[in-house]
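# An overview of the molecular structure
So the chains spell out like this:
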Amino acid sequence: MSPGRAGGAAGIGDWLDARTGWRSIARWALDEPLPPGTGWLFTLGSVLLFLLATQALTGLALALYYAPTPDHAHDSVRFILSGVTFGRLVRDLHCFGASFIVVAATLHALRAFFFGAYRAPRELTWISGVLLLLLVLGFALTGYLLPFDQRAYWATVVTLNIARSTPIVGETVAGLLGGSGPPGAATLSRWYVLHVIVLPAVSVALVVGHVLLMRRHGLAGPIRHREGPAVPFYPRQALRDTIVVACVFVALMAFAIVGDAPLDAPADPSDAGYAPRPEWYFLWLFELLKRSPSSMDTVAALAVPLALALLVLLLPFLDRRATRPPARRPILGAAALFVVAGLAVLTGFGLADRPPTPTRWRARAIAGRTIAQREACVRCHRDGGIAHTFDRLRPSRDEAWIFSHVVDPEVIAPGIRTPPGPLLKSEAHAVVAWTRALRAGEPAPAMLPRDEHALSIIGAHCTPCHMIDDDGGAEGPNLSLVGRKHDADWISAWVADPLGVDPDAEMPAFADKLTAQQIRTVAEYLARRR
Amino acid sequence: MVLWTVRGVLAAIAATLGTVAGGVVGSARTRRTRESWIVAADLERVPDIDPLELTIALEREDSYLRSTERRVVFLSYDGEAVTALSAVCTHLGCRVSWDARAREFACPCHGGRYNLTGAVEAGPPPRPLERLPARVEEGRVLVRLE
């Protein structure tokens, strides 16, 4: 009977085998002869294949919704988080998966190093692996620009400036990366293309080459050669690989479910309240940059990583002896330990240096929130209203846009029959500060109603000239600790009519702008600040 | 003969496609800003102790987008001349801010510090903060940005 006539699944299998030969391919994969003593330490390759496949799949899912343009990138990522089924999970898997790959690839390389598995004839297997490790870092670097949030923006500014500092070709390289100015549309599209087309294509080629080379020369096996016949990959090693992959999968899922990959406020080069820090696997370079004097900058940023990469890449040609146990290679082993320890220590310093981000919920933001609750705003910004509710707004709108919309809603939203009355400029600034706090995703602090009421008035009327909690203008005195100097009665009298207190006063009177009750609230609050 | 023909034709095709693709990749005309004098502030608003921090919005052509770039400038006035300093750290481009307690500009990234005139006080920056051309006209401070 011909294979095509056989019934059931076996029949289809036979039919396909006659045309594709898939059974011999499967046999070739499963019967891979392994040197005796191959064990758990040799499962990292499969773990990496699994993690790379996960990145490809989750990356594809993200690309369905992501828009690589400066005016939509952040909104599209936020949409993935809030509007797509499993969107947050997929993004977390993709972000934490990147960290998992960095760890697994490093362990994989260290295993090959200490087992001396890079020696002839496996030089090219080693080199293709090191290139893949560098590509992984390239993926990470290009990947975290994509959300176009604050972290993305500043990491890219620094990266582009490092590229620019390369002797001779610096400007050209920066230009090719879309970085002839600050990061913008050109940068985002180029890094996106690198991240989803160029790097994946090169990685697939390198992974295929790496695996085929591994099969051609076989595994190097345990450090001390053991006598005995080769063991097939299936079933024992296949089971080990499956168990470790399953553990890694569970760990990754746990990270993605419990943890939250951060999304900062949209990129804003003028925001001083943000201290940029890179992803943890670049912290060693960050510390190196901090610690080296300016004359050594190019050395620290380019030469050290480049020399390190080159040394590791050319390792098989630098160490050609036949002995494999690490104890027999004391200098090389010590050098490797030194490098690994150095990277770990620098990373530790980097982790310790996390400056606190000052809260964005200060007087102006609180005033802005109060203003936005007014009838004039809520009339349109409500459920079923002609504009979105505040939580569904596109906060990545330019601040200048928000400002002009608040000052005169009709200018930007024409067709409003009865436009709300115009706001004071200082009130419009307060609303902008509020949207800034909103889009930073920082929860509003709990505070007493009387404090909130006072801060709302201060944020709308005093901050144009006065600073309070490092927020506001510099023309008048700082109000943060004004209670140490004056009591509530004095402040009340002063705010109502400064000239009545001091004939040389420069501050305008507020008796006609605020009610006596409002002035009293502000004075009592400020008197408590000591 | 055949071999050379095949090689030649393939090389010609590769060269043509390579030139076209290379031209697209290398195209640098993605960004343009115009250099212009911008009214930054009234002179009387510039305090004589701490520098005045200003955010200036600059219209910019960014490939297919017309976007607004927000540049931060620090103005200070010593009674004679106005100094306008760019807030871009000369080390690797982070945004410096004024630390009023230490009376220094501080960079949040790699710890660069500058004094009121923009000269480097500490950290890795290779150059002082960039001084932007500034002048006073009819009581207003004008700053040239590009």
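Residues numbered from 1 in each chain as written. Chains lettered and ligands numbered in written order. Predicted model: local features only at pLDDT ≥ 70, side-chain atom pairs only at ≥ 80, totals over all residues. Heavy atoms only, no water.

### Some words on empty space enclosed by the protein
Residues and elements named next belong to chain A. The line we're drawing: Any residue with an atom within 4 Å of a point lines the site, the site being either a cavity, points on a 1 Å grid over the protein atoms alone where a 1.4 Å probe fits but cannot get out, or a pocket, an open set with protein on both sides within 12 Å along at least 5 of 7 lines. Grid points are joined across faces, edges and corners, and a volume is the space filled by probe spheres set on the points. A run of H or I in DSSP counts as a helix once it spans at least four residues, and a run of E counts as a strand once it spans at least two, with each numbered from the N terminus. Following the grouping adopted for this structure description, the nonpolar residues are Ala, Val, Leu, Ile, Met, Phe, Trp, Tyr, Cys and Pro, the charged ones are Asp, Glu, Lys and Arg, and the polar ones are all others, Gly among them.
Per the counting criterion, the structure on display carries one cavity of 30 Å³ or more. Roughly 40 Å³ of internal volume is contained in the largest cavity. If you trace the largest cavity, you find it lined by Leu 52, Leu 132, Leu 135, Val 136, Phe 139 and Ser 203. Take the lining of the largest cavity: its biggest share by element is four residues, from helix α6 (residues 123-143). For the lining of the largest cavity, the per-class residue count stands at five nonpolar, one polar and no charged.

### Observations regarding the interface of chain A and chain B
Put simply, the rule reads: Every residue pair with non-hydrogen atoms within 4.5 Å of one another is taken to be in contact. Salt bridge, as applied in this entry: a Lys or Arg side-chain nitrogen positioned within 4 Å of an Asp or Glu carboxyl oxygen. Nitrogen and oxygen atoms within 3.5 Å of one another constitute a polar contact, given that in protein one can donate a hydrogen and the other can accept it, and given that sequence-neighbouring residues count only through two side-chain atoms.
In this complex, chain A contributes 40 residues to the contact, which on the side of chain B involves 31 residues. Here chain A and chain B share one salt bridge between them. Residues B:Arg70 and A:Asp268 are paired through a salt bridge, measuring 3.3 Å at the closest nitrogen-oxygen approach. Between chain A and chain B we count seven residue pairs in polar contact (both at pLDDT 80 or more) in total. At the level of elements, α7 (150-164), α9 (185-217) and α11 (283-291) of chain A are the ones that each hand at least two residues to the side of chain A that touches chain B.

### Thoughts on the packing of helix α1 (residues 8-20) of chain A against helix α2 (residues 22-30) of chain A
Residues and elements named next belong to chain A. Here is the rule we go by: For helices, the axis comes from a line fit to the C-alpha atoms of the stretch in contact; other axes are also lines fit to C-alpha atoms, and the angle between any two N-to-C directions lies between 0 and 180 degrees. Here the angle decides the label: under 35 degrees means roughly parallel, over 145 means roughly antiparallel, 65 to 115 means roughly perpendicular, and every other value means oblique.
The interhelical angle for the contact between α1 and α2, taken along N-to-C directions, is 90°, at an axis separation of 7 Å. The orientation of α1 relative to α2 falls into the category roughly perpendicular. Counted together, Ala 10, Gly 13, Asp 14, Leu 16, Asp 17 and Thr 20 of α1 and Trp 22, Arg 23, Ser 24 and Ile 25 of α2 form the full contact between these two elements. Along the lines of polarity and charge, the residues of the contact of α1 with α2 split into four nonpolar, three polar and three charged.

### Re the pattern of salt bridges
Put simply, the rule reads: Only protein chains enter the area calculation, which uses a 1.4 Å probe; residues under 20% of their type maximum are buried, those over 50% are exposed, and those in between are partly exposed.
Taken as a whole and judged by the stated rule, the model has 27 salt bridges over all chains. Salt-bridge contacts for A:Glu287 lead to A:Arg291; the nearest nitrogen and oxygen are separated by 2.8 Å. Here A:Arg291 and A:Glu287 lie together in helix α11, a separation of four residues that amounts to about one turn. Between B:Arg135 and B:Glu137 there is a salt bridge, with its nearest N and O atoms 2.9 Å apart. Here B:Arg135 falls in the partly exposed class, since its relative accessible area comes to 33%. A residue is classified by how much of its surface remains accessible, and B:Glu137, at 34% relative accessible area, is partly exposed.

### Some details on the nonpolar core
Residue and element names in this part refer to chain A. The criterion, for reference: Nonpolar cores are built from buried Ala, Val, Leu, Ile, Met, Phe, Trp, Tyr and Cys residues. Side-chain atoms within 4.5 Å join them into one set.
Counting 41 residues, the largest nonpolar core has Ile 458, Ile 468, Ile 491, Tyr 525 and Leu 526 as its most contacted members. Put simply, the parts of the chain that give this core at least two residues each are α15 (363-372), α17 (399-407), α19 (425-439), α20 (449-461), α21 (488-496) and α23 (516-528). Ranked by residues supplied to this core, first place goes to α19 with seven residues. In terms of nonpolar packing, the next biggest core, distinct from the first, is built from 35 residues, Tyr 66, Val 157, Ile 162 and Leu 263 among them.

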